[in-house]
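# Tertiary structure, described
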Amino acid sequence: MLLEIEDLRTTYTDSSTESTVTAVDGVSFEIEEGESFGLVGESGCGKSTIAKSVMRILPDNGRITDGAVRLNGEDLTELDAEPMRQRRWTDIALISQSAMNALDPVYTVDTQIKEAIEAHESWSEQRMDDRVVELFELVGIDPERRHDYPHQFSGGMKQRAMIAMALVLDPDLIIADEPTTALDVISQDTILHHLEELQAETGASMLLITHDMSVVAEMCDRTAVMYAGELAERGPTETIFTNPYHPYTLGLKNAFPSIHGGADSLISIPGAPPPLTDPADACRFADRCPFAAPECRSSDPPMKEVADEHEAACARIDDVGIETMREQAAKREVWHGVDDAPDGASAGDGAASAPTEVSGGDSA
Amino acid sequence: MGAKGYIARRAAQSVVTIFVVAVLMFVLFRLMPGDPTAVALSPALDESVQQEMARQYGLNQPLHIQFIRYMASVVTLDFGYSFFQNEPVRDILMRRIGNTLLLMGTGLLLAYAFGTSIGALAAWKRGSFDTRVLVSAVLFRSTPVFWLALVLLYVFGFHLEWFPIGHMVDAEATYSGFLDKVFSVDFLHHLVLPVLSTVPFYMAYPLLLMRTTMLRIEGEDFITMAHAKGVRDRDVFAKHAARNSLLPIVTTAPIVVGLAVAGNVLVETIYSWPGVGRTLVQAVLQSDYPLAQAAFLMIAVIVIVGNFVADLLYTVIDPRITYD
Ligand code: SF4
C-alpha cells in the first residue's frame, strides 16, 4: 500500500475568535501503487485540506490533531520538519488548484522547476537543463519557452508547466487538486487525458481531488465521496457511479449530466453543509437529506460495507431499501420537498443550514 | 515599446518636470516678500554703485527679460553670483551637493536595509517580535526628525560628549580630497548623530509597508507551492516572500526620498552640515535669491532623479512590467 490515511483529523483555529473548525473529521482511505484515486465533494468539504495535511503544508492556523498518514508505511505526521521537507516532491508532488497563481511571477518557469530539483538533489546544471527540456516535450510545450516568465504563458501552458514540475523528481504519488478548474472545457479535457497518460507512463499513483464527478468517472480506479469533513461513501469508481448507496452521492450524481441521461434530469441538492465549528453527533447530511429520520440525528453513522469493497456512511440504507432510495432520489420533487414541506422524515430540529466557509480550506 | 524606449521616455519626462519646477520657482521667488534689491543693494552705498550692482544682477530689467535670463541660467547651469558670498552660485552648490547626498544616501541606505529586513522578519516570525517591531515603527514614524536630532545632539553631543556637535570634520583636520575625507574616522564620527536622527523616521515607512506586503504575499499560492516543493524555509522566505514584497517597496521609494529631502534640510541645519539644505535655509533667510533659487532647484532635481531611478529599478525587478 502506497498511501494509508487513517482516521485523519485536521482543524483550523481562528485566532481572533478562538473558534476551531474541524475541516477533516476522521477520514480514512488507502491508495495502492499505480492507482488513481478520486476524492469528490463540494468546495469547503475539506478535500483540499486532506491534500495539505498529507504534504504537511497547512497554513499556520491549521493542525493535524489526530490520525496517521502513512506513505510506504512511514507515518508522515510523526516526522520532524527536515525529513518531512525531504519527502516533499521527491515522494509526493502537488498539482495545485490554481496554476494561475502557483508559479512565482518574478522567476522564469525554468528557474522554478530547477528550484524543486535543487531543493533535493545536487545535479549538474546540464543534467537539470536536460530534464527540464525532456519534461517540456513530455507535457507538450516548446522547450524554447522554458525561460519565459509565468505571465507569458497561457492558462493551459501554466497548467502543463505545473504538471512538468510535478513529474520532475519522479514522485510516487501525485496529488492533483482541482487540476483543471481554471481552464476552459477543451483544455480541461486535453490536460486530463494527458495527465492520465503521464500517470500510466510513470507508474505514479494519483490522488485526484475535484468537485466534478465526471472527471473522477473518467480518470479514477476508486473514488471517495466527501461531505462536510467526512467520507460519505467509498468504493470502485464504476460502482459508485452505477450503484451509489449514500443519499449524498445519489444527489451529486443528479447534478452531473455527462454520466447518465440528459441535461433535463439535472437536480441540485438544496441547502448547504452544516458549520464545522461544533459538529453535532448526527449525520451531517441530515438537514439536506430527503430520507432523514430521527435516528439520523441521534448519532453519526459510521462507514459500513454495502457491497464488495464498497462502503457508505448512511444509517437508513437497510430501512428504506436501496432500490427505493435510488428511485426516489431521481425525482426532483423528492429533493426540493425537503425545504418546502418538512413532513416528519425531514422536519427534525431544524438546525440552521446557512452557507459556511471553511477558513483556510477549499476555495475553489 | 521596449525597455529602452520606456527609459528614454521617462528620462524625457523627468527633464520636462525639472523645467516646470524651474518656471514655478521663478514665479514664486518674485511673489515672495522682501525686495531683493533692498537687501543686496544697501542704501548706504553710493547711488552709482547701487545701479552698477543692479545691472550686474539683472534686477533693473523688466520681468520677461529676467525670466529669459533665468531660464538661460537653468540650461547653462550658470546661476550667477551669490549676493553675499562673492562666488558663483554653481561653485558653492557643487561643493555641497556631495555632502548632502552623502548624508541623505547613508540615511536612506540604512533605513531601507533595516526597514525592509526587519519588516520582512516581523511578518515571517509573527508573535511578540512582530508586536514589538510594530510598536517601535509607529513610534519612529511619529517622531519628528528635528526633535530627535535635538535630543541626540543634547544627550550625546553636549552632555556625554561622545560625538561632535556639528560639521563634517574637525576644524583643524586637513584632507587632500573628497574621498580622503569621506573615508576618515573623523568624518564617520561626525556622521553618526545626523544619520541616527533620520534613520528611524525614514525606515518606518519601508518597514511597515514590507511587513504588510509580506503578510499578504505569504498567503499566495506560490508560497504554498514553494513549501510543497520542499524548498527550505529560509529560501521560501528570502527568494519568494521577501523578493515579491520588494515590488511595492520600490514603487513607493520616491515618497521616502521626498521625506528624506525635507528631513535632510532640518538635520543639516541643526548639525551645521555644509550641505545644500543648510545653504538653502541660510540663503532664504538672507534673501540671497540666486543661491536660494539654485539650491531649491537642486533639491527638486534630487527628488525627480530619485523618482526616475525608482522607475528604472522597477523595470529590473518586476518581469511583468509592460512598456506602454
Ligand atoms: S444517515 Fe439519514 S440523514 Fe444521513 S444520509 Fe442516511 S438517511 Fe440521510
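Residues numbered from 1 in each chain as written. Chains lettered and ligands numbered in written order. Predicted model: local features only at pLDDT ≥ 70, side-chain atom pairs only at ≥ 80, totals over all residues. Heavy atoms only, no water.

### Details of the overall build of chain A
If you tally the helices and strands in chain A, you get 13 helices and 12 strands. Element-wise, carbon and sulfur atoms account for 46% of the exposed surface of chain A, whose accessible area totals about 14,900 Å². (Helix = DSSP H or I, 4+ residues; strand = E, 2+ residues; numbered from the N terminus. Areas by Shrake-Rupley, 256 points an atom, 1.4 Å probe, with all protein chains shown as cover.)

### Structural notes on the environment of Glu323 of chain A
Note on placement: Glu323 of chain A falls in helix 12 (residues 322-329). Between the C-alpha atom of Glu323 of chain A and that of Gly62 of chain A, which follows or precedes it by 261 residues, the distance is 41 Å.

### Section: the domain arrangement of chain B
Once the domains are mapped, chain B shows domain 1 (3-76) and domain 2 (97-274). Computed over C-alpha atoms only, the centres of domain 1 of chain B and domain 2 of chain B are separated by 36 Å. (Domains from an automatic or database assignment.)

### Quick notes on the pattern of salt bridges
Residues and elements named next belong to chain A. Considering all chains together, one arrives at 30 salt bridges over all chains under this definition. A salt bridge links Glu230 to Arg284; the shortest N-O distance between them is 3.6 Å. Remark: Arg284 occurs in the loop between helix 10 (247-254) and strand 11 (304-307) and Glu230 occurs in strand 10 (residues 230-236); sequence separation between them is 54 residues. Each member of the pair, Glu230 as well as Arg284, carries the same accessibility label: buried. Here Arg316 makes a salt bridge to Glu295, at a shortest N to O gap of 3.8 Å. With a gap of 21 residues between them, Arg316 in the loop between strand 12 (310-312) and helix 11 (317-320) and Glu295 in the loop between helix 10 and strand 11 connect regions that are remote in the sequence. Classification of Arg316 by relative accessible area gives buried; the value is 16%. (Salt bridge = Lys/Arg side-chain N within 4 Å of Asp/Glu carboxyl O. Buried < 20%, exposed > 50% of the residue type's maximum accessible area, 1.4 Å probe, protein only.)

### Here's the deal with the UniProt feature "domain: ABC transmembrane type-1" (unreviewed entry) in chain B
Mapped onto this structure's residue numbering, the UniProt feature "domain: ABC transmembrane type-1" (unreviewed entry) falls at residues 97-310 of chain B. The straight-line gap between the two end C-alpha atoms of residues 97-310 of chain B is 20 Å; of that span, 81% is helix and 0% is strand. (UniProt positions renumbered as here; feature names shortened; annotations may be inferred.)

### Overview of the sheet that holds strand 11 of chain A
Residues and elements named next belong to chain A. Within the open sheet, the eight strands sit side by side as 6-7-8-3-9-10-12-11. Their pairing is mixed. Of all strands in the sheet, those with a lone pairing partner are strand 6 (92-95) and strand 11, marking the two edges. Averaged over all pairs of adjacent strands, the angle between their axes in this sheet comes to 25°, without regard to strand direction. With four bridges connecting them, strand 3 (residues 36-40) and strand 9 (residues 222-227) associate as parallel partners. Its bridge partner lying in strand 9, Val40 is registered against Val225. Strands in contact with helix 7 (residues 185-202) are strand 3, strand 6, strand 7 (173-177) and strand 8 (205-210); relative to strand 8, the strand with the most contacts, it is inclined by about 155°. (Pairing = 2+ DSSP bridges. Axes fitted to C-alpha atoms, helices over the stretch in contact; angles between N-to-C directions. Contact = heavy atoms within 4.5 Å.)

### Thoughts on the UniProt feature "transmembrane region" (unreviewed entry) in chain B
Residue and element names in this part refer to chain B. Following the UniProt record, the feature "transmembrane region" (unreviewed entry) maps to residues 12-32, 101-124, 145-167, 187-208, 246-271 and 291-314 here. With 100% helix and 0% strand, the stretch residues 101-124 has end C-alpha atoms that lie 33 Å from each other. Counting secondary structure, residues 291-314 comes out at 100% helix and 0% strand; the distance between its end C-alpha atoms is 35 Å.

### Describing the sheet that holds strand 2 (residues 19-31) of chain A
The strands that make up a sheet pair up through hydrogen bonds in the backbone, lying either parallel or antiparallel. Residue and element names in this part refer to chain A. On the basis of which strands lie adjacent, the open sheet formed by four strands has the order 2-1-4-5 and antiparallel pairing. The two strands at the open ends of the sheet, each matched to only one other strand, are strand 2 and strand 5 (74-75). Bridging between strand 4 (residues 62-71) and strand 5 involves two bridges; their strand directions are antiparallel. Looking at strand 5, one finds that Leu71 is bridged to Glu74. Against the sheet, helix 1 (residues 47-55) makes contact with strand 1 (3-14), strand 2 and strand 4, and its axis sits at roughly 105° relative to strand 1, the strand it touches most.

### With respect to the side chain of Arg146 of chain A
Residues and elements named next belong to chain A. Topologically, Arg146 is positioned in the loop between helix 5 (125-139) and helix 6 (155-167). Residue Arg146 is classed as buried on the basis of its relative accessible area, which comes to 12%. Among the polar contacts made by the side chain of Arg146, one reaches the side chain of Asp129 at a distance of 3.0 Å. With residues up to four places along the chain from it excluded, the contact list for Arg146 reads Thr108, Val109, Asp110, Asp129, Val132, Val133 and Phe136. (Polar contact = N/O pair within 3.5 Å; in protein donor to acceptor, adjacent residues only side chain to side chain.)

### Examining unusual backbone geometry
All names here are of chain A. Phi at Asp7 is positive, roughly 50°, even though this residue is not glycine. On the basis of relative accessibility, which here comes to 33%, the residue Asp7 falls in the partly exposed class. Residue Trp89 is not a glycine yet carries a positive backbone phi of 70°. Along the chain, the position of Trp89 falls in the loop between helix 2 (81-87) and strand 6.

### Some points on helix 12 of chain A
All names here are of chain A. All of the buried residues in helix 12 are Ile322, Met325, Arg326 and Ala329. Buried residues of helix 12, viewed axially, fall in a sector of 95°; they line one side. Across from the buried face of helix 12, at angles greater than 90 degrees, the exposed residues are Glu323 and Glu327. (Arc of directions from axis to C-beta.)

### Observations regarding the packing of helix 5 (residues 89-125) of chain B against helix 12 (residues 253-270) of chain B
All names here are of chain B. Here helix 5 crosses helix 12 at 130°, and the two axes come no closer than 10 Å. With respect to each other, helix 5 and helix 12 are oriented oblique. As helix 5 packs across helix 12, the resulting crossing turns out to be right-handed. Every residue of helix 12 that contacts helix 5 at Thr100, Leu103, Met104, Leu108 and Tyr112 is listed here: Ala253, Val256, Val257, Ala260, Val261, Asn264, Val267 and Glu268. (Parallel < 35°, antiparallel > 145°, perpendicular 65-115°, else oblique. Left-handed = near helix turned anticlockwise from the far one by under 90°.)

### What to know about the packing of aromatic side chains
Overall, the coordinates contain 10 aromatic pairs over all chains when judged by the stated rule. Ring geometry for Trp124 of chain B and Phe237 of chain B: centres 5.1 Å apart, planes at 50°, overall tilted. You can see Trp124 of chain B sitting in helix 5 and its partner Phe237 of chain B sitting in helix 11 (residues 233-251), a full 113 residues away along the chain. By relative accessible area, which is 24% here, Trp124 of chain B ends up partly exposed. Residue classification places Phe237 of chain B among the buried residues on the basis of a relative accessible area of 17%. Residues Phe187 of chain B and Trp273 of chain B carry aromatic rings whose centres are separated by 5.9 Å and whose planes lie at 55° to one another, so their mutual orientation is tilted. Here Trp273 of chain B lies in the loop between helix 12 and helix 13 (276-285) and Phe187 of chain B lies in helix 9 (residues 185-217), a separation of 86 residues in the sequence. Comparing Phe187 of chain B with Trp273 of chain B shows no difference in burial state: the two are buried. One aromatic cluster is present, built from ring pairs that chain together Tyr227, Tyr248, Phe285 and Trp335 of chain A. A cation over an aromatic ring shows up here: Arg127 of chain A above the ring of Trp123 of chain A, its NZ or CZ 4.0 Å from the ring centre. (Phe/Tyr/Trp six-rings, centres within 6.5 Å; stacked < 30°, edge-to-face > 60°. Lys NZ or Arg CZ within 6 Å of the ring centre and 35° of its normal.)

### Concerning a negative patch on the surface
Residue and element names in this part refer to chain A. A surface patch of negative charge is lined by Glu30, Glu32, Glu33, Asp221, Glu305, Asp308 and Glu309. Inspection of the secondary structure assignment puts Glu305 in strand 11. Taking relative accessible area as the criterion, Glu305 reaches 58% and is therefore assigned exposed. (Patch = residues over 30% accessible without salt bridge, like charges linked within 9 Å, V, L, I, M, F, W, Y side chains within 5 Å. Lys, Arg positive; Asp, Glu negative; His and termini not counted. Charge placed at Lys NZ, Arg CZ, Asp CG, Glu CD.)

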